[in-house]
Amino acid sequence: MKSKRHSHKSSLFSQLLAGFAISLTTVGLTTLSLNYLSVASNLEHEVQERAEAIARSIDFANKGLLETGNIRALKQIVQKYATFPEVVEVLIIDPNGNTLAHTNSEEQSQSYKSTHPELISIIQQIMQTGVEAHHFMRMHNKPVIVYLSPFQSELFNISKQHGLVLVVIDREIEQQKAQQIFWQSTATMGTGFLLIIGIMGFVVRKIVLKPLDRLNKAVLISNKTKKFSLPTHLPNSEIKFLADTFDTIFHQQQQIEMVLNERAELLRKQNILLSNLAKHRAIIDGNLQEFAQEITLIIAHLLNVERASVWLYDSHDNYLVCLNLFEPISQGHSAGAKLNLADYPAYFKAIDTEDLISAYDAHHDPRTSEFSQTYLTPLNIRSMLDVPIRLKGKTVGVLCVEKVAVCRLWSAEDENFLRSIAELFALAIEARDRQLAEQALKQSEILLRQQAKELETTLQELKLTQSQMIQNEKMSSLGQMVAGVAHEINNPVNFIYGNITHVNQYFRDLWNILQLYQRVYPIPTQEFQAGIEEIDLDFLAEDLPKVLSSMKVGIERIGEIVRSLRIFSRLDEAEFKEADLHQGIDSTLMILEHRLQTNSERSQIKIVKNYSHIPQIECYPGQLNQVLLNIINNSIDALEEKMEILKIQQKKSLSQFTPTIVITTESINYYWIRIRIVDNGLGISQEVQSKLFDPFFTTKPVGKGTGLGLSISYQIIVEKHNGKLYYSSEVGKGTEFAIEIPVCQNSCKAA
């Protein structure tokens, strides 16, 4: 560990020295570079000034020597400058380009165009513009500065034309001086650099590394002991500040660890509570009151606040109504308080638009200050944490936590926990709404089923009413027709029946006179004898009484039929009265006599009457006759179908089969009588039996039945007469219909 620490120490020392050396080197090189550039610039400026001074002195000499024509003196002056070590060349040119003077006497006669062709364009431009200039270039393989100074003279005869003084100065000497100065500065700086590095090494070891080593040991010990001890004898410098910082950090770290542990424990409790609340049956059942009571209790204890409450908007979104408020001090729950939205616009706007309201000082927070006088001050509330409860993006309520007496800074954990509770409460509201919707849907379905059933019943009743109206109209028309026919037949029958007695008496009187004549005149004349023989008087006397007797029997039969028709139609009776059932049955059989007789298709249907002594009953005779007619008609149809099937099958049993209808009347007790109509026809299948009394149901071919007979019969017996109509049947053996009717309708109704 010691060698490792020594290695770190050496490494830090090397890094500090290397960093300082790099910084110092960078500063030194930058300084040298800037110094070199400055020196070079100054030397260059000096060279430029020297060239300018030479050009101006020659220009000054030109003004006097050229005007006096003393060119020779001018040349001597120019040649003197050739003795200067830095002067490369001095040249005077007239406006025509001729060389007036040159430092080299051999080139004085030459034109500058031949000596300096690279300067031709520059020289011409300066001669024309009259503006002095300098130019850097290489000449004779040397870096030089060429200074060009224009001048005028009366000697040139051409106005606005300039001569030119051209001075060429060697820059190589200036560069050598700059380099010499640079290397001298570099040597001086290098010596100082080494001296400074040595001093810095000593200082770093003494002032930095040793205190850092003591600080490092203290830190290593603190990692093991978890407690930092500040080293002694530290210099009053950044290291001392660093040590103090470490001491502060360690103490803060301990406090932070305590806070983190507390928060971790709080988060663990919150997660456990949220997990348990998510499974709470009140959420599944949508029981908001129970869930609100549970969460306000948990919030108040877990967040250590004096008030926790749940508020929901009313149905019109005009008020915020307290669903449940829990106060740990009183351990009591309350509800019912209201907040009007119009009284607190800033608060309700914040609730609708912001994620939450975290008010450290609720009296001065712009979102909650509206509550100061009416709500916060009376209850001594200082801080508020309100989280909106949102369902499908709409704010439906608020989860409110309030701190009394002192202000509280709400932590992120508090806010997140309350958000989670608000989301769970939104789930409970959604479950409640879903259950309400399901209940409403079920009630709607029940109502629709009831309405459908009622509609179906109404439709059935309407169909029955229509069918009954049609049947009643038919029966009424039939009754009227039967009554009319009976009335029309009854008159001539009565006339004939009344005169038969007289005719019989007249015949007896004439026969007595004839017999008296035969006794008085025993021997008739020949002509009279021939007449007696021709009419066969003896046969006539014997047969005529028989004929009259037969006519009387026929007239009596017609009278019975007429009476049966009148009884069946019941037009001569009141609508509801006492009636003789036997008379109604007989009249019905009389009407159906034509269907009972033998015809070419089948044999006669036998009617067996088993009448008991029964009292007259209160009924609607016409409607009761209609029931009897429908049932007996159906029995005749069943017998005809069976005989038709037996005929097709060509069985010997057809000749042995006697179609029979047995009609039995009997008293059940003092109050009820029963009519049983039994046939030995085909019987009724189970499939047909379930629909037998349904309106418009028929098994007969199209055009032979409407399916209304038995449904109307059932309605007449059950609804009109408070009776019973039922049947029993066996396929292939026959069917029995039973009608049970109370003797007295008023007694039945009273009962």
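To be clear, the structure that these remarks concern was listed above.
These numbers come from a predicted model, not from an experiment.

Asks: Just to check I follow, could you spell out the overall build of the chain for this structure?
Replies: The helix and strand tally for the chain stands at 20 helices and 19 strands. The burial tally for the chain puts 37% of its 751 residues in the buried class. By sequence separation, contacts in the chain at least 24 residues apart represent 61% of the contacts at least 6 residues apart. Accessible surface for the chain amounts to roughly 43900 Å². Of this, 55% is attributable to carbon and sulfur atoms.

Asks: Before we go on, may I ask you to explain the nonpolar core in this structure?
Replies: Considering soluble globular proteins, one finds that nonpolar side chains tend to be buried as a cluster. Among the nonpolar cores identified, the biggest contains 38 residues, and Ile-617, Ile-631, Ile-632, Ile-661, Ile-673, Ile-675 and Ile-739 are the most heavily contacted of them. Put simply, the parts of the chain that give this core at least two residues each are helix H14 (581-591), strand E15 (617-619), helix H16 (621-649), strand E16 (660-667), strand E17 (672-679), helix H19 (709-720) and strand E19 (734-742). Here this core takes 10 residues from H16, the largest share from any one element. When neighbours within four sequence positions are excluded, Ile-631 is seen to be in contact with Ile-677, Leu-710, Leu-725, Phe-737 and Ile-739.

Asks: Please clarify how the sheet that holds strand E14 (residues 606-610) should be interpreted in this entry.
Replies: Sheet strands pair by backbone hydrogen bonding; their relative direction is either parallel or antiparallel. Taken together, the five strands give an open sheet; going across it, the order is E14-E16-E17-E19-E18, and neighbouring strands pair in mixed fashion. Each end of this open sheet is capped by a strand with a single partner; those strands are E14 and strand E18 (724-730). Neighbour to neighbour, the strand axes of the sheet diverge by 15° on average, direction disregarded. Two elements, E17 and E19, share eight bridges in a ladder whose sense is antiparallel. Directly across from Ile-675, in E19, lies its bridge partner Ile-739.

Asks: I keep staring at the sheet that holds strand E5 (residues 163-170) and nothing clicks. Help me out?
Replies: Strand order across the open sheet formed by five strands is E2-E1-E5-E4-E3, with antiparallel pairing between neighbours. Of all strands in the sheet, those bounded by a partner on one side alone are strand E2 (99-102) and strand E3 (133-139). Each neighbouring strand pair of the sheet contributes to a mean axis angle of 20°, computed without reference to strand direction. Judged from the seven bridges that link them, E3 and strand E4 (residues 142-151) form a sheet pairing that is antiparallel. Bridge pairing in E4 places Ala-133 opposite Leu-148.

Asks: Please clarify how the pairing of strand E12 (residues 394-404) should be interpreted in this entry.
Replies: On any regular strand, side chains alternate: one points to one face of the sheet, the next to the other face. Across the 11 residues of E12, 10 count as buried, placing the element largely inside the fold. Note that strand E6 (residues 307-313) and E12 share six bridges and pair antiparallel. If you follow Ser-309 over to E12, its bridge partner there is Cys-400. Pairing of strand E11 (residues 381-391) with E12, which is carried by 10 bridges, proceeds in the antiparallel orientation. Paired with Ile-381 across the bridge in E12 is Val-404.

Asks: Is there a simple way to explain the pattern of salt bridges in this structure?
Replies: Should their charged atoms come close, side chains of opposite charge can pair. For the structure on display, the rule yields 16 salt bridges. A salt bridge links Arg-419 to Asp-355; the nearest nitrogen and oxygen atoms lie 2.7 Å apart. Residue Arg-419 is located in helix H11 (residues 412-520), and its partner Asp-355 is located in the loop between helix H9 (345-353) and strand E10 (357-359); the two are separated by 64 residues in the primary sequence. Judged by relative accessible area, which is 23%, Arg-419 ranks as partly exposed. Where salt bridges share partners, they join Arg-307, Glu-327 and Glu-402 into one cluster.

Asks: Please explain the packing of aromatic side chains as it appears in this structure.
Replies: What characterises a pair of aromatic rings is the spacing of the ring centres plus the angle enclosed by the ring planes. Using the criterion set out here, one finds eight aromatic pairs in the structure. Both rings, one in Phe-291 and one in Phe-425, keep their centres 5.8 Å apart while their planes meet at 25°; by these two values the pair is stacked. Note that Phe-291 is positioned in helix H8 (residues 288-303) and Phe-425 in helix H11, a separation of 134 residues in sequence. A single burial state applies to Phe-291 and to Phe-425, both of which are buried. Between Tyr-344 and Phe-371, the ring centres sit 4.4 Å apart and the planes meet at 25°, which makes this aromatic pair stacked. Note that Tyr-344 is positioned in the loop between strand E9 (338-340) and H9 and Phe-371 in the loop between E10 and helix H10 (372-379), a separation of 27 residues in sequence. Across the pair, Phe-371 and Tyr-344 agree in class, each one buried. Aromatic ring contacts, followed pair by pair, group Tyr-313, Tyr-344, Tyr-347, Phe-348, Phe-371 and Tyr-375 into a single cluster. In this arrangement the basic side chain of Lys-720 is found over the ring face of Tyr-620, its NZ or CZ atom lying 5.9 Å from the centre.

Asks: When you look at the environment of Leu-74 in this model, what are you seeing that I'm missing?
Replies: Relative to the helices and strands, Leu-74 resides in helix H2 (residues 71-80). Taking the C-alpha atoms as reference points, Leu-74 and His-102, separated by 28 residues in sequence, lie 9.4 Å from one another.

Asks: I tried to follow the pairing of strand E7 (residues 319-327) on my own but got confused; where do I start?
Replies: Where E6 lies against E7, six bridges are found, and the strand directions are antiparallel. Note that in E7 the partner of Tyr-313 across the bridge is Leu-320. Taking the residues between adjacent antiparallel strands as the criterion, E6 and E7 are bridged by five residues, where Asp-317 takes a positive phi near 60°. Across three bridges, E7 lies against E9 in antiparallel orientation. Considered in E9, the bridge of Val-321 is made with Lys-338.

Conventions adopted
Residues numbered from 1 in each chain as written. Predicted model: local features only at pLDDT ≥ 70, side-chain atom pairs only at ≥ 80, totals over all residues. Heavy atoms only, no water. Helix = DSSP H or I, 4+ residues; strand = E, 2+ residues; numbered from the N terminus. Buried < 20%, exposed > 50% of the residue type's maximum accessible area, 1.4 Å probe, protein only. Contact = heavy atoms within 4.5 Å. Areas by Shrake-Rupley, 256 points an atom, 1.4 Å probe, with all protein chains shown as cover. Core = buried A, V, L, I, M, F, W, Y, C linked by side-chain atoms within 4.5 Å. Pairing = 2+ DSSP bridges. Axes fitted to C-alpha atoms, helices over the stretch in contact; angles between N-to-C directions. Salt bridge = Lys/Arg side-chain N within 4 Å of Asp/Glu carboxyl O. Phe/Tyr/Trp six-rings, centres within 6.5 Å; stacked < 30°, edge-to-face > 60°. Lys NZ or Arg CZ within 6 Å of the ring centre and 35° of its normal.

By themselves, these observations are geometric and do not establish any function.
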